[in-house]
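Structural overview
Now for the letters of each chain:
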Amino acid sequence: VLQKWVNREISNFDYLIQLNTMAGRTYNDLAQYPVFPWILRDYTSEELDLNNPAVFRDLSRPIGVVNEKNAKAVKEKYENFEDPLGVIDKFHYGTHYSNAAGVMHYLIRVEPFTTLHIQLQSGRFDCADRQFHSIPATWQALMDNPNDVKELIPEFFYFPEFLENQNGFNLGQLQISKEAVNDVVLPRWAHSPEDFIYKHRKALESEYVSAHLHEWIDLIFGYKQRGPAAVEALNVFYYCTYEGAVDLDALTDEKERKALEGMINNFGQTPCQL
């Protein structure tokens, strides 16, 4: 697969899907859903110029520190963390770039994810301000908050319907603007959900991304996923998210095991290292 990708016999999209599959990610498990990168950082221009490197996100950095301002806070958190029991290793992020709630967050307008979201929120929709209501606002929140490190899901590159409230769900209204949450607000350069998907997919297959995608792959699936390289890259997550970090079979205490299983299922899992 790597050779095919290097020879440009398969697209960037196909390569990412294949890597996700090899690393144990699947559409059949919300806790291990395929993970895709944010690739753009320009969600405000009237036109999207894919020949301008400045419109792309820095793929060599974890999403939590794409904004240089956050890097200092993330570093300090890691350096100052000390577990008195010695069980929990130091980490940069207590949340994860891919988890079940995040998948439901993006796909809230389409079933079965709507129902799953309602179940997760004890029988109702989460408050409107926390809903996925705008792509530019979601990006801005990522830039402002080092604790929000959600990457994307593959649907952002092929499935325009998830951006429309075709089922007419009442998702509430935003507190400050009193605006109803309905279809997802698109970047100014996108004229419709279909247009967004078309341009976003084009961006994924662009020359710039083809030249830098391997840097993101190193962080998510490769050698910067753990160990000294991960520390240096500011890419260390809570210990429970890593494969093999916890031997569930060795836990005799049923309660403790259930708690850990719940944590692993809800907080996100790092893909198997390839």
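All values derive from a computational prediction rather than experimental measurement.

**Re unusual backbone geometry**
The omega torsion of the bond from Glu 111 to Pro 112 falls at 5°, within 30 degrees of zero and hence cis. A positive phi angle, near 55°, is found at Ser 122, a position not held by glycine. With respect to the helices and strands, the residue Ser 122 is situated in the loop between helix H5 (113-120) and helix H6 (135-144). For Ser 122, a relative accessible area of 67% translates into the label exposed. Positive phi values are uncommon outside glycine, yet Leu 234 reaches one of about 55°. With respect to the secondary-structure elements, Leu 234 resides in the loop between helix H9 (228-232) and helix H10 (254-267).

**Considering the UniProt feature "domain: BEACH" (unreviewed entry) in the chain**
Look at the UniProt record and you will see "domain: BEACH" (unreviewed entry) annotated at residues 1-274. End C-alpha atoms of residues 1-274 are separated by 13 Å, and the span's content is 36% helix alongside 0% strand.

**Notes on the environment of Arg 57**
Structurally, the position occupied by Arg 57 is in the loop between helix H2 (12-22) and helix H3 (68-80). Classification of Arg 57 by relative accessible area gives buried; the value is 0%. Measuring from C-alpha to C-alpha, the distance between Arg 57 and Asn 67 comes to 9.6 Å, with ten residues separating the pair along the chain. For Arg 57, the contacting residues outside a window of four places in its chain are Pro 37, Trp 38, Ile 39, Leu 40, Arg 41, Pro 62, Ile 63, Val 66, Trp 139, Glu 151, Tyr 208 and Trp 216. One polar contact links the side chain of Arg 57 to the main-chain carbonyl oxygen of Arg 61, over a distance of 2.9 Å.

**Points about the side chain of Asn 99**
Note on placement: Asn 99 falls in the loop between H3 and helix H4 (100-106). What Asn 99 contacts, discounting residues up to four positions off in sequence, is Leu 30, Asn 266, Phe 267 and Gly 268.

**Quick notes on empty space enclosed by the protein**
Tallied over the entire structure, the rule returns two cavities of 30 Å³ or more. Looking at the largest cavity, its volume works out to about 70 Å³. Here the residues of the lining of the largest cavity are counted per class, giving six nonpolar, three polar and two charged. Computed from the structure, the second largest cavity encloses a volume of approximately 50 Å³. Forming the walls of the second largest cavity are Arg 57, Pro 62, Ile 63, Gly 64, Tyr 97, Val 149, Glu 151, Trp 216, Leu 219, Ile 220, Asn 235 and Phe 237. For the lining of the second largest cavity, the per-class residue count stands at eight nonpolar, two polar and two charged.

Conventions used here
- Residues numbered from 1 in each chain as written.
- Predicted model: local features only at pLDDT ≥ 70, side-chain atom pairs only at ≥ 80, totals over all residues.
- Heavy atoms only, no water.
- Helix = DSSP H or I, 4+ residues; strand = E, 2+ residues; numbered from the N terminus.
- Buried < 20%, exposed > 50% of the residue type's maximum accessible area, 1.4 Å probe, protein only.
- UniProt positions renumbered as here; feature names shortened; annotations may be inferred.
- Contact = heavy atoms within 4.5 Å.
- Polar contact = N/O pair within 3.5 Å; in protein donor to acceptor, adjacent residues only side chain to side chain.
- 1 Å grid on protein atoms, 1.4 Å probe; cavity = no way out; pocket = protein on both sides within 12 Å on 5 of 7 lines; lining within 4 Å.
- Points joined across faces, edges and corners; volume = space filled by probe spheres on them.
- Nonpolar A, V, L, I, M, F, W, Y, C, P; charged D, E, K, R; others polar.

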